[in-house]
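# Coordinates in review
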Amino acid sequence: MADKMHIKLTVNGTEEEFLAEPRELLIYTLRERLNITGPHIGCETSHCGACTVTIDGKSVKSCTMFAVQASGKDITTIEGLGTPDALHPLQEAFKEHHGLQCGYCTPGMITRAAKLLEENPNPTEEDVRFGIAGNLCRCTGYQNIVKSILAAAATMNADASSSSDAIGQTKVEAAE
Amino acid sequence: MIPAAFDYHRPTDMAGVLSLLSEHGDDARVMAGGHSLIPLMKLRMADVPHLIDLQDVEGLSGIDVGETIRIGAMVTQADIIDHTGLTASAPILREAALQIADPQVRYMGTVGGNVANGDPGNDMPGLMQCLDAQFTLVGPDGERTVPARDFYEAAYMTERGDEEVLTSVSFAAPKGGYAYEKQKRKIGDYATAASAVQMTKDGGTCTSASIAMTNLSDTPIFSENAGAALAGSTVDETAIKAAVAAALADIDPTEDNRGPVAFKMHVAGVILTRAITRAWSRA
C-alpha cells in the first residue's frame, strides 16, 4: 500500500520535485532528501519549534506536516533568510547581542522571528515573548533572544525608512 | 517518529470527501490542520490507512459575521485572532484562541478540528457550549445540525458519524460581557482547568449567564445550574460562590500529570471565579 506520490515544493526559491511516501514528514524531506539542514529536529512532538519553517506565509513546525501536504507550496528555511556574507538583520542581531549559546534552537527561532517582524514590525517586548512562545531555548533564558529580536526590528525599521525611495521603486517595477 | 504507511487523498470538493469516506469506512479519517491527528499518527496511537486532507475542499474557510455568526471548519485559530469583525462581534473567540497552543500551532489548528476531535483538552468545545453553538455535519444522507451541548459523548466520542464531516459552527452573536479563563502549566499545554463565560446585565442585575468548562470531565461541561445561580443576582460574592459550587458539582475531573482531583477542583474554582468576575466587569 501507500504508493509514492509526486511532490513539488519551492524551497528558498528553488523548485524541487521528487517521489515520496505520504508518511514522509517535511522535516525529513528538508534535511535528508534536500540536504537543507538548518531546520533542526528537536522534540519531534510539535513543542520545541526547532524545525520551524515558513510555508505560504505561516510559521509551521515541519515535524508536524507531511511533505505531501506541503506540495504546491512555497517554503522558506533559515537558509533562505541570509548568507554568511550578507546576514539577515536578525542573524546579525543574534550575533551582536549574544542571542544564542548552543545554537540548536536558533534557526527555528530566527525563522519564527522573521515572520513575527513581518506581521508586526514594531513589537513590544511582550509581543516578542508571546510571538516566540512556540520556540524553546534551553540555554539563554530568552533574555538575549528577545533583545536580539527587538534590536533587529529597530535596524529593519531604520533601513526601511532610509531606503523608502528604493522600496517605492521596487514596488513600481513589481507593478509593471 | 515515522507514522505507519497510509494513502493520502486531497479531494477538492465535499462530494469527493464523502465518496472516499463511504468507500473506506473506518479506514479513512479526514484531517484539517493535522496538529492533533499527525502527532497521534506519529506515536502510532492513531491508525489511518486513508488520510483525507481537507485543505483544498472549497467552502470551508469562511467567517460570516451578522446576527448569526458562522465559522467554516477550516478557519484557523490565527484567522480568528486576526478577524476584526469577528472580534468586534464575539470577542470571546479571540480571547480563547490566543490561549490555544503556540503561534505555529495556531496557524494550522482549525476550529473544525478542535471541535470535532472530541479531545476533552481542546478549548473550542467548551467555548461553543457556552455560546450554545450549532455544529453543521454533512454526510451521505445530507446535512444536519447538532447543538454543541449535545455533541460530546465521551473522550473522542461524539455525535458525528464515521461518514460525516463537520463543516461549520454557527451561533447567535453573543451579548454582554465575556471571559475565557485558562490555567495551564506552560505554553502549549492543555488546560488544568478552563472556563468560558458570557453574561448580560440590566442595571446592576445579571439577566443571563452561560458557563462552560474545559478539561474537567471526559467531555466539555455546560453547567446550566451555574448560570442559573447568577441570573437575577447582583453577582455579589454570595452569588459567585453559589455559581462556582453549582459548576463544580457538574464536573468529574480525573487525576493525571496535571494533578490530583482535589487540586483540579481547587483550580477549577479559582478559574471559574476569575472568569465570572471578568465577564461581569465587561457586561
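Residues numbered from 1 in each chain as written. Chains lettered and ligands numbered in written order. Predicted model: local features only at pLDDT ≥ 70, side-chain atom pairs only at ≥ 80, totals over all residues. Heavy atoms only, no water.

In this section: the pairing of strand S2 (residues 14-20) of chain A. Residue and element names in this part refer to chain A. As judged from the seven bridges shared by strand S1 (residues 5-11) and S2, these two strands associate in the antiparallel manner. Paired with Met 5 across the bridge in S2 is Ala 20. Taken together, S1 and the strand that follows it, S2, pair antiparallel across an intervening segment of two residues, in which Asn 12 is found at a positive phi of about 50°. (Pairing = 2+ DSSP bridges. Helix = DSSP H or I, 4+ residues; strand = E, 2+ residues; numbered from the N terminus.)

What follows deals with the sheet that holds strand S2 (residues 28-31) of chain B. All names here are of chain B. Strand order in the open sheet formed by three strands is S1-S3-S2, with parallel pairing between adjacent strands. Edge positions in the sheet fall to strand S1 (7-9) and S2, since each of these pairs with one other strand and no more. Within the sheet, the average angular offset between the axes of one strand and its neighbour, ignoring direction, is 25°. Relative to strand S3 (residues 50-53), S2 runs parallel, the two sharing four bridges. Paired with Ala 28 across the bridge in S3 is His 50. Contacting S1, S2 and S3, helix H1 (residues 14-24) crosses the sheet at an angle of about 150° to S2. (Axes fitted to C-alpha atoms, helices over the stretch in contact; angles between N-to-C directions. Contact = heavy atoms within 4.5 Å.)

Residues and elements named next belong to chain B. Here S3 shows two buried faces, one formed by His 50 and Ile 52 and the other by Leu 51 and Asp 53. With three bridges connecting them, S1 and S3 associate as parallel partners. Across the sheet, the residue bridging to Tyr 8 is Leu 51, located in S3. Chirality of the crossover, the property in question, places the unit of S2, helix H2 (residues 37-42) and S3 among those that are right-handed. (Buried < 20%, exposed > 50% of the residue type's maximum accessible area, 1.4 Å probe, protein only. Right-handed = clockwise from strand over helix to strand, strands pointing away.)

Looking now at the domain arrangement of chain A. All names here are of chain A. Here chain A is described as being made up of domain 1 (1-80) and domain 2 (81-171). Inter-centroid distance (C-alpha atoms) of domain 1 to domain 2 is 22 Å. The interface of domain 1 with domain 2 comprises 20 residues on the first partner and 15 residues on the second. A combined buried area of about 1,300 Å² lies between domain 1 and domain 2, and 53% of that area is made up of carbon and sulfur atoms. For the pair domain 1 and domain 2, the interface holds eight residue pairs in polar contact (both at pLDDT 80 or more). Of all elements in the fold, only strand S3 (52-55) and strand S4 (58-61) reach the threshold of two or more residues within the side of domain 1 that touches domain 2. Split into classes, the residues belonging to the side of domain 1 that touches domain 2 amount to five nonpolar, 12 polar and three charged. (Domains from an automatic or database assignment. Buried area = accessible area lost by both parts, 1.4 Å probe. Polar contact = N/O pair within 3.5 Å; in protein donor to acceptor, adjacent residues only side chain to side chain. Nonpolar A, V, L, I, M, F, W, Y, C, P; charged D, E, K, R; others polar.)

Now for the interface of chain B and chain A. Accessible area lost during the coming together of the parts is what is often quoted as the interface size. Each side of the interface is counted separately: chain B has 33 residues, and chain A has 37 residues. Overall, the association of chain B and chain A removes approximately 2,700 Å² of surface from exposure, summing both partners, and the carbon and sulfur fraction of that is 61%. The largest contributions to the chain B side of the interface with chain A come from Tyr 8, Gln 104 and Tyr 107 of chain B, which together make up 25% of the buried area. The tally of links from chain B across to chain A stands at one salt bridge. A salt bridge links Asp 102 of chain B to Lys 61 of chain A; the shortest N-O distance between them is 2.5 Å. If you look at where chain B meets chain A, you find 15 residue pairs in polar contact (both at pLDDT 80 or more). Of all the elements in the fold, those that place two or more residues in the side of chain B that touches chain A are S1, H2, S3 and helix H6 (103-108) of chain B. (Salt bridge = Lys/Arg side-chain N within 4 Å of Asp/Glu carboxyl O.)

A few words now on the sheet that holds S3 of chain A. Residues and elements named next belong to chain A. Here we have five strands laid out as an open sheet, ordered S2-S1-S5-S3-S4, and mixed in their pairing. The two strands at the open ends of the sheet, each matched to only one other strand, are S2 and S4. Strand-to-strand, the axes of this sheet are offset by a mean angle of 40°, without reference to chain direction. In terms of strand pairing, S3 meets strand S5 (residues 74-76) through two bridges, oriented antiparallel. Bridge assignment links Thr 54 to a residue of S5, and that residue is Thr 76. Strand contacts of helix H1 (residues 26-33): S1, S2, S3 and S5, with the helix running at about 110° to S2, the strand carrying the most contacts. Across the sheet, helix H3 (residues 106-119) is in contact with S3, S4 and S5; its angle to S3 comes to roughly 35°.

This part is about the side chain of His 88 of chain A. Residue and element names in this part refer to chain A. Assignment of secondary structure puts His 88 in the loop between S5 and helix H2 (89-96). Judged by its relative accessible area of 13%, His 88 is buried. Once residues within four sequence positions are removed from consideration, His 88 is found in contact with Leu 81, Gly 82 and Met 156.

What follows deals with the state of the cysteines. All names here are of chain A. According to the stated counting rule, one finds zero disulfides over all chains in the structure shown. With no disulfide partner, Cys 43 has as its closest neighbouring cysteine sulfur the one in Cys 48, 3.8 Å distant. Free cysteine: Cys 139, not disulfide-bonded; nearest cysteine sulfur from Cys 102 at 3.8 Å. A relative accessible area of 34% places Cys 139 in the partly exposed class. (Disulfide = S-S within 2.5 Å.)

All names here are of chain B. Taken as a whole, this structure holds 20 salt bridges over all chains when the rule is applied. A salt bridge links Asp 123 to Lys 182; its shortest N-O distance comes to 2.7 Å. Within this pair, whereas Asp 123 is found in the loop between helix H7 (111-116) and helix H8 (124-130), its partner Lys 182 is found in strand S11 (residues 177-184), the two being separated by 59 residues in sequence. With respect to burial, Asp 123 and Lys 182 carry one shared label: buried. In the salt-bridge network here, residues are joined through shared partners; they are Arg 185, Asp 189, Asp 256, Arg 258 and Lys 264.

Let us look at the packing of helix H11 (residues 237-249) of chain B against helix H12 (residues 261-282) of chain B. Residues and elements named next belong to chain B. In contact at an axis separation of 10 Å, H11 and H12 are set at 135° when each is read in the N-to-C sense. Classified by the angle between their axes, H11 and H12 sit oblique to one another. Between H11 and H12 the crossing geometry is right-handed. Contact with H11, carried on its side by Ile 240, Ala 243, Val 244, Ala 247 and Leu 248, involves Met 265, Ala 268, Gly 269, Leu 272, Thr 273, Ile 276 and Thr 277 of H12 and no other residues of that element. Considered class by class, the residues forming the contact of H11 with H12 number nine nonpolar, three polar and no charged. (Parallel < 35°, antiparallel > 145°, perpendicular 65-115°, else oblique. Left-handed = near helix turned anticlockwise from the far one by under 90°.)

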